[in-house]
Amino acid sequence: TMGFSLGSVLMKLGMRSGSEQVSVDAITLFVVLLCTCIIVGHLLEKNIWINESITALTIGLCTGIVLLLTSEGKNSHILVFNEELFFIYLLPPIIFNAGFQVKKKQFFRNFMTITLFGVVGTLISFFIISLGSAQLFKKLNVGFLEMGDYFALGAIFSATDSVCTLQVLNQDEMPLLYSLVFGEGVVNDATSVVLFNALQRFDLSHITSGIATRFAGSLFYLFFTSTLLGVAVGLLSAYIIKKLYFGRHSTDREVALMILMAYLSYMMAELFLLSGILTVFFCGIVMSHYTWHNVTENSRVTTKHAFATMSFISEIFIFLYVGMDALDIEKWRSVSKSPGTSVGVSAILLGLVVLGRAAFVFPLSFISNLTRKSPGDKIGLKQQVTIWWAGLMRGAVSVALAYNKFTRSGHTQLRANAILITSTISIVLFSNMVFGLLTKPLIRFLLPLQKPSSSMEESELSLSKSLTLPLLQNGQDPEVSMNGQNGTTRPSSLRMLWTTPTRTVHYYWRKFDNACMRPVFGGRGFVQYIPGSPGETVVN
């Protein structure tokens, strides 16, 4: 029967999961679980409480329970977690797609605020969690931990996961809020990983002014060089595709080249010990600005959906695994003798996460508002609460960093390390299941959707379209439509003069871009006609 065969497969998985060779049964069942997550997520699309990440976590937990029962309490895994698998294969598609799909105008318009939250805010949270845990853990019998371990905890729990909130927010209806939450999430992940990697290079048992200076210099070097490398690879891909006209013969080649060069940027950053997250994110921004406009129309649609699909599958894969890994019997056995200590550590860390988040969101929002002249551009209190809430969830980056620091090949025998691993998993589960469940109703309560009045609707919509056009929409860049395609027209020069400042950074960048960059690297307005690409707009 079907029930018997499924039970036998699960029995095999429970017995084989400890082996180094991944069995065909394990991969088959994992793919089935991925498909199940997608189907269930679709069916629960309109549910006010549930989202994709919670669905994947729940299915992962249920699968882990079944595996644990069928293996007689020996294993809850289908695949053994490896942080290299996460950082080398799963994270790059997610971060690249974030850069590729970002609304560049909104992102760079709020770049200073995003940097303030993503870098300065993460550092504030890092110090609060590190120093707070160093003081409070002394009252618990955790075991021997060095100062470097406490700093590592600060970096691990400074990494937020705003997926739940971003799934609720609509970037067309709330462009400022979406841009801030989205941008801070990416910069925050990059800052946390850079912090974590930099900490591994320094002996922090005796901190001196010299070590602190070199540490700060190392952070600046990593940020600058990682960004530069991403921009360079993105420009190189644009130049190659523009000069060689791949679309004359095969759109497959230009699509393949875009995907491979995007991945190359990440791997080069890892090769040179830089931040792959920052590199691939800015590579995505540059490729969407130049390279994407140099390929055929069919390739534009293909790459847009290919990058989004790879990112989506990677996210589901990660949450599914985290759910199963929560029941790893080896780690829980190590802390079973002192459950109170484990609960205390989790409670302290969760409290520090909430405190650290509040300690920078509200003060930095106040500072940011001082530089915003228009009342409509200011970050309101309800928006500040939403930004604070969005950063309370912890996700796969925290889990991967914790595994990297406190385990060897996914296993640990030390009691202190086991406590920190189980606490990390507990916080990730609690924050996503509890905070994540409350995200939709909270945002709908704080920021109810308001329909524009009929008298103002047409003017507001036309202004919104002219200022906040999305980067990608239905496989087409709306700003390409200079001749009224798809119902979108470019605003006249006189109207632009009245509705947008003429002497801004964006204005001077646009002049430089049109005069120097686009003639060399291509982009919107500099797309060459490629034979064999029907429907491609010819721009002289």
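Refer to the structure above for everything that follows.
Nothing here was measured: the structure is a model prediction, and the numbers come from that model.

Caption draft 1: Here's a closer look at the overall build of the protein chain. In terms of regular secondary structure, the protein chain is built from 21 helices and 0 strands. Here the protein chain holds 540 residues, and the buried ones make up 52% of them. Taking contacts inside the protein chain between residues at least 6 apart in sequence as the whole, the part at least 24 apart equals 81%. Total accessible area computed for the protein chain in this model is approximately 25500 Å², and 66% of it derives from carbon and sulfur atoms.

Caption draft 2: Expanded view of the environment of Met 261. Relative to the assigned elements, Met 261 resides in helix α11 (residues 251-271). Expressed as a C-alpha distance, the spacing of Met 261 and Leu 236, which sit 25 residues apart in the sequence, is 8.9 Å. With near-sequence residues (within four places) excluded, Met 261 lies in contact with Val 233, Leu 236, Ser 237, Ile 240 and Cys 283.

Caption draft 3: Quick look at the pattern of salt bridges. Per the stated rule, a full pass over the model turns up 3 salt bridges. Notably, a salt bridge pairs Arg 357 with Glu 184, separated by 2.7 Å at the nearest N-O pair. Residue Arg 357 is located in helix α15 (residues 339-370), and its partner Glu 184 is located in helix α9 (residues 175-199); the two are separated by 173 residues in the primary sequence. The residues Arg 357 and Glu 184 share a single accessibility class, namely buried. Note that Arg 518 and Asp 513 form a salt bridge whose closest N and O atoms lie 3.1 Å from each other. Here Arg 518 and Asp 513 have matching classes, each one buried.

Caption draft 4: Helix α4 (residues 83-101), seen in detail. Between the first and last C-alpha of α4 there are 26 Å, a value that for 19 residues agrees with the 27 Å anticipated at 1.5 Å per step. Counting buried residues in α4 gives 15 out of 19 residues, a clear majority hidden from the surface.

Caption draft 5: A look at the side chain of Ser 398. Summarising the element assignment, Ser 398 is placed in helix α17 (residues 396-406). The exposure class of Ser 398 is buried, given its relative accessible area of 0%. Engagement of the side chain of Ser 398 in a polar contact is seen with the backbone oxygen of Ala 159, the distance being 3.3 Å. Filtering out sequence-adjacent residues up to four positions away, Ser 398 remains in contact with Ile 156, Phe 157, Ala 159 and Thr 424.

Caption draft 6: Structural detail: the environment of Arg 357. The class of Arg 357 is buried, set by a relative accessible area of 2%. For Arg 357, the residues in contact, after removing those within four places along its chain, are Thr 160, Glu 184, Ile 387, Trp 388, Gly 391 and Leu 392.

Caption draft 7: Molecular detail of the packing of aromatic side chains. Counted according to the given criterion, the structure contains 21 aromatic pairs. Judged by centre distance (5.1 Å) and plane angle (90°), the ring pair of Phe 107 and Phe 108 falls under edge-to-face. For Phe 108, a relative accessible area of 42% puts it in the partly exposed group. What links up through ring pairs into an aromatic cluster is the set Phe 107, Phe 108, Phe 111, Phe 281 and Phe 282. Across the ring face of Trp 292, the terminal group of Arg 300 is positioned such that the distance to the ring centre comes to 5.4 Å.

Caption draft 8: Main features of the side chain of Ser 275. For Ser 275, the location among the structural elements is in the loop between α11 and α12 (276-294). Beyond its immediate sequence surroundings of up to four residues, Ser 275 is in contact with Ala 190, Val 194, Ser 226 and Ala 269.

Caption draft 9: Representation of the nonpolar core. Ranked by internal contacts, the top residues of the largest apolar core, which has 129 residues, are Phe 86, Phe 137 and Phe 281. Those residues within four positions of Phe 137 in sequence are excluded, and the remaining contacts are Val 142, Leu 145, Tyr 150, Leu 153, Val 345, Ile 348, Leu 349 and Leu 420.

Caption draft 10: Main features of the packing of α4 against α11. The N-to-C vectors of α4 and α11 enclose an angle of 115°; their axes lie 10 Å apart at closest approach. α4 and α11 meet at a crossing whose hand is right-handed. Residues Phe 87, Ile 88, Tyr 89, Leu 91, Pro 92, Phe 96 and Phe 100 of α4 touch α11, and the partners they reach there are Met 258, Ala 262, Tyr 263, Tyr 266, Met 267 and Glu 270. Its residues placed into classes, the contact of α4 with α11 shows 12 nonpolar, no polar and 1 charged.

Caption draft 11: Looking closely at the packing of α9 against helix α16 (residues 381-390). With their axes 10 Å apart at the nearest point, α9 and α16 run at an angle of 25° to one another. Considering their axes alone, α9 and α16 lie roughly parallel with respect to each other. Seen along the crossing, α9 lies across α16 with a hand that is right-handed. Seen from α9, the contacting residues are Leu 176, Leu 177, Leu 180, Val 181 and Glu 184; seen from α16, they are Gln 383, Thr 386, Ile 387 and Ala 390.

What counts, and at which threshold
- Residues numbered from 1 in each chain as written.
- Predicted model: local features only at pLDDT ≥ 70, side-chain atom pairs only at ≥ 80, totals over all residues.
- Heavy atoms only, no water.
- Helix = DSSP H or I, 4+ residues; strand = E, 2+ residues; numbered from the N terminus.
- Buried < 20%, exposed > 50% of the residue type's maximum accessible area, 1.4 Å probe, protein only.
- Contact = heavy atoms within 4.5 Å.
- Areas by Shrake-Rupley, 256 points an atom, 1.4 Å probe, with all protein chains shown as cover.
- Salt bridge = Lys/Arg side-chain N within 4 Å of Asp/Glu carboxyl O.
- Expected span 1.5 Å × (residues − 1).
- Polar contact = N/O pair within 3.5 Å; in protein donor to acceptor, adjacent residues only side chain to side chain.
- Phe/Tyr/Trp six-rings, centres within 6.5 Å; stacked < 30°, edge-to-face > 60°.
- Lys NZ or Arg CZ within 6 Å of the ring centre and 35° of its normal.
- Core = buried A, V, L, I, M, F, W, Y, C linked by side-chain atoms within 4.5 Å.
- Axes fitted to C-alpha atoms, helices over the stretch in contact; angles between N-to-C directions.
- Left-handed = near helix turned anticlockwise from the far one by under 90°.
- Nonpolar A, V, L, I, M, F, W, Y, C, P; charged D, E, K, R; others polar.
- Parallel < 35°, antiparallel > 145°, perpendicular 65-115°, else oblique.

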